[in-house]
Amino acid sequence: MAGALKGVRVIDLTSMISGPSATMILGDQDAEIIKIENTLVGDYTRIVSTQRAGVSAAYLNNNRNKKSVCIDLKTDDGKKILKELIKTADVIVQNFRPGVMDRLGFGYSDVATISPNIIYVSISGFGFTGPYKNKPVYDPLIQALSGLATIQAGSDEDRPRLVRTILPDKLTGLGTAQAITAALFHKAKTGEGQEIKISMLDTVVSFLWGSDMGGHTFVGDELEKETAQSFIDLIYETKEGFISVAVQSDKEWFNLCDAFNKKEWLSDPRFLTAELRHENINKRLELIQSELKKKTSGEWLKLLTDKDVPCAPVLTRKEMINNEQVIANDIIKISEHPSAGKIRQSKLAASFSVTNKDEILSAPSHGQDTHSVLLGVGFTESEISKLRNNKVIKTS
């Protein structure tokens with residue numbers, strides 16, 4: 001079965017996580033992704049830790065369903081190759097620092113001259129204008145600047161904390177993929193391409209606004225300092241482990257009190273309404289914790305589930321992949337990689353009733369597809385051999 005983006009060709013000039021994760025989403029939906037890499041190392045994630053047989057997990061998990069083409073873009077012949085590829089493409093995506101593509105001769109105006117209807121996507125860290133635009137960037141810097149680290153701390157006065165995953169990078173990948181599909185829809189209707197710019201900083205600020213910026217929504221009534229609603233996480237200790245329990249509605253609060261056999265909590269003046277329960281959140285959560293320590297996680301999960309109280313086990317990564325709900329969702333797949341052997345990955349989160357892509361391609365080796373892709377855009381065997389000998393390209 002063909003995926004929804006079958007027939008779309010994407011030139012992928014990105015590396016690390018934000019760009020490659022975006023283009024992998026498109027590849028998972030059957031777009032043809034031509035990953036352009038340098039001829040030396042390629043994408044830096046190829047050489048990071050957690051490897052088997054010389055293949056890193058970080059590279060595998062962000063680069064499946066792609067073709068690898070290695071070109072030295074500092075050479076005139078390398079630039080000629082990229083121009084030929086651009087002529088065949090619907091989309092080009094890059095995450096060099098602002099200005100680099102212009103200096104290479106592949107800024108938006110240059111590329112639009114080659115392919116007027118191209119969708120040209122630029123990903124940056126801090127943005128494309130302003131004092132930070134040329135600064136090097138990594139995920140923790142965006143967490144710091146966006147306010148995410150102080151939100152994670154819980155209060156402006158507490159020590160800032162990082163989210164222990166590269167959230168800005170991965171959110172930017174999702175946002176980029178969504179923007180590209182929107183632009184492809186517009187192009188399908190009108191034939192018109194366009195330039196898309198997206199930064200990690202803008203992505204995270206936009207992401208935070210929906211739930212964490214209420215104190216700065218009403219102009220003129222901004223909070224001077226944000227304080228924590230509670231410093232108690234909704235992770236509770238049981239006799240032998242941890243579970244999460246979350247109640248919001250009056251019905252859920254009633255059911256929790258019933259499960260605890262604590263009917264007196266229902267008449268406690270501190271907890272009579274949702275507003276009062278929120279105002280007295282720390283005392284309420286402390287009481288819940290004191291009860292949950294009396295039984296095991298398994299006992300509580302069964303009892304709370306029977307009472308229709310929202311709850312879940314707290315799992316390690318190893319436990320998660322074997323959880324019955326995760327297995328039922330069929331989100332994790334095992335496949336055979338030609339070098340690394342059997343590998344485990346999550347599939348695309350969305351499941352399509354009509355346009356699910358059947359074949360999953362393993363992340364390519366460095367330069368694996370250079371030869372076949374160049375043949376496909378009109379280069380001859382002798383030309384490819386000469387380019388290889390002159391170290392303009394690398395094949396494998």
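Everything below is about the structure shown above.
What you see is a predicted model; the values in this text were computed from it and never measured.

Reading guide: rules and limits
- Residues numbered from 1 in each chain as written.
- Predicted model: local features only at pLDDT ≥ 70, side-chain atom pairs only at ≥ 80, totals over all residues.
- Heavy atoms only, no water.
- Helix = DSSP H or I, 4+ residues; strand = E, 2+ residues; numbered from the N terminus.
- Buried < 20%, exposed > 50% of the residue type's maximum accessible area, 1.4 Å probe, protein only.
- Contact = heavy atoms within 4.5 Å.
- Core = buried A, V, L, I, M, F, W, Y, C linked by side-chain atoms within 4.5 Å.
- Phe/Tyr/Trp six-rings, centres within 6.5 Å; stacked < 30°, edge-to-face > 60°.
- Lys NZ or Arg CZ within 6 Å of the ring centre and 35° of its normal.
- Axes fitted to C-alpha atoms, helices over the stretch in contact; angles between N-to-C directions.
- Parallel < 35°, antiparallel > 145°, perpendicular 65-115°, else oblique.
- Left-handed = near helix turned anticlockwise from the far one by under 90°.
- Nonpolar A, V, L, I, M, F, W, Y, C, P; charged D, E, K, R; others polar.

Draft legend 1. Molecular detail of the overall build of the protein. Helix and strand counts for the protein stand at 17 helices and 14 strands. Overall, the C-alpha framework of the protein stretches about 85 × 50 × 40 Å when taken along its three principal axes. A burial count over the protein gives 41% of its 396 residues as buried. Contacts spanning at least 24 positions in sequence make up 68% of the contacts within the protein whose residues lie at least 6 apart.

Draft legend 2. Structural detail: the environment of V326. Here V326 shows up in helix α15 (residues 324-329). Taking relative accessible area as the criterion, V326 reaches 17% and is therefore assigned buried. Once residues lying within four places of it in the same chain are set aside, the contact partners of V326 are M320, I331 and I332.

Draft legend 3. Looking closely at the nonpolar core. Formed by 27 residues in total, the largest nonpolar core has its most connected members in I11, I36, I81 and I92. Those elements that place two or more of their residues in this core are β1 (9-13), β2 (32-37), β5 (67-71), α3 (76-87), α4 (100-104), α16 (370-376) and α17 (381-389). Considering every element that reaches this core, the biggest residue donor is α3, with four residues. I11 has contacts with I34, I36, L82, L85, A89, V91, I92 and V93, leaving out every residue within four places of it along the chain. Counting residues in each nonpolar core, the second largest holds 20 residues, with L5, V8, I123 and L348 among its members.

Draft legend 4. Structural view of the packing of aromatic side chains. Here the structure, examined in full by the defined rule, presents six aromatic pairs. Arranged with centres 6.0 Å apart and planes meeting at 15°, the rings of W253 and W265 form a pair that is stacked. In this pair, W253 sits in helix α10 (residues 250-260) while W265 sits in the loop between α10 and α11 (274-279), placing the two residues 12 residues apart along the sequence. With respect to class, W253 is no different from W265; both count as buried. Here the aromatic rings of W253 and F271 are separated by 5.6 Å at their centres, their planes lie at 65°, and the arrangement is edge-to-face. Taken together, the residues span a long stretch of sequence, with W253 in helix α10 and F271 in the loop between α10 and α11 at a distance of 18 residues. Of the aromatic side chains, those joined through ring pairs into one cluster are W253, F260, W265, F271 and W300. The ring of Y132 is capped by K135, whose NZ or CZ atom sits 4.7 Å from the centre of that ring.

Draft legend 5. The arrangement of the packing of helix α1 (residues 18-28) against helix α8 (residues 167-190) in detail. One way to put it is that α1 packs onto α8 with a least axis distance of 7 Å and a crossing angle of 45°. Considering their axes alone, α1 and α8 lie oblique with respect to each other. You can see that α1 and α8 cross each other, and the crossing is right-handed. Contacts between α1 and α8 involve S18, S21, A22, I25 and L26 on the former and, on the latter, D169, T172, G173, L174, T176, A177, I180 and T181. A per-class count over the contact of α1 with α8 returns six nonpolar, six polar and one charged.

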